[in-house]
Amino acid sequence: QVQLVESGGGLVQPGGSLRLSCSPTSGLINGSFIMSWHRQAPGKEREMVAAITMRHDAQYGPFAKGRFTIVRDDVKNAMYLQMDNLKPEDTAVYYCYASEKHTWGQGIQVTVFA
């Protein structure tokens, strides 16, 4: 049974924006000390995009800082990744991760092209 579900991916032009969402199928996100977004392009290693703690302290990969914003909404029981000024090199499958039970989503495609 899928425990984390991502949504909001798709195709966008360079300079455009997307907002990814991650929600658990059951339980509360506040049960996870860390929730994070990772991405992997074909033939490339998976890399951390952004992470956020229970205290809403955020950490970003160097490429994401200033362009991406991670949000953890305990009331809506969801985590978001706002991606602005997207670049072709942002093209990848994006995965949601929750530290409780080391759970991964199945991933969602983000494609940036001119």
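Below is a short write-up of the structure. Every chain begins its residue count from 1, and numbering advances along the sequence as written. At least 70 in pLDDT is required for a residue's local features to be given in this predicted model, at least 80 for side-chain atom pairs to be given and counted, and no such filter applies to totals for whole chains, interfaces and linings, which use all residues. Values shown for side chains rest on all heavy atoms present in the structure; no hydrogens or waters enter the calculation.

## Side note on the overall build of the protein chain
Rule in force here: Numbering goes from the N terminus for both helices and strands, where a helix is a DSSP run of H or I of at least four residues and a strand is a run of E of at least two. Radius of gyration here uses only the C-alpha atoms, and the compact-globule reference equals 2.2 Å multiplied by the residue count raised to the power 0.38. Whether a residue is buried, partly exposed or exposed follows from its accessible area with a 1.4 Å probe, protein chains only, as a fraction of its type maximum: under 20%, in between, or over 50%, in that order. Contacts: residue pairs with any heavy atoms within 4.5 Å of one another. With residues, only the protein chains shown are counted as cover, and all accessible areas are computed by Shrake-Rupley using a 1.4 Å probe. When charges are counted, Lys and Arg are positive and Asp and Glu negative, with His and the chain ends excluded. By convention, the point assigned to a charge is CZ for Arg, NZ for Lys, CD for Glu and CG for Asp.
Scanning the protein chain from terminus to terminus reveals zero helices and eleven strands. In the protein chain, the order of α-helices and β-strands from amino to carboxyl end is β-β-β-β-β-β-β-β-β-β-β. For a compact globule of 114 residues, the expected C-alpha radius of gyration is about 13 Å, and the protein chain comes in at 13 Å, within 12% of that figure. Taken along its principal axes, the extent of the C-alpha atoms in the protein chain is 40 × 30 × 25 Å. When the 114 residues of the protein chain are sorted by exposure, 42% land in the buried category. The long-range fraction of contacts in the protein chain, counting pairs at least 24 apart against all pairs at least 6 apart in sequence, stands at 51%. Approximately 6,300 Å² of the protein chain is accessible, and the part contributed by carbon and sulfur atoms is 51%. Of note, the protein chain has its 11 positive side-chain charges centred 1 Å away from the centre of its 10 negative side-chain charges.

## Section: the side chain of asparagine 77
Keep this limit in mind: Here a polar contact is taken to be a pair of N or O atoms separated by no more than 3.5 Å, where protein atoms must pair a possible hydrogen donor with a possible acceptor and residues adjacent in sequence count only if both atoms sit in side chains.
Along the polypeptide, asparagine 77 turns up in the loop between β7 (68-73) and β8 (78-83). Assessed through its relative accessible area of 17%, asparagine 77 is described here as buried. At a separation of 3.0 Å, a polar atom in the side chain of asparagine 77 contacts the main-chain carbonyl oxygen of glycine 27. Not counting residues within four places of it along the chain, the set of residues in contact with asparagine 77 comprises Ser23, Pro24, Gly27, Leu28 and Ile29.

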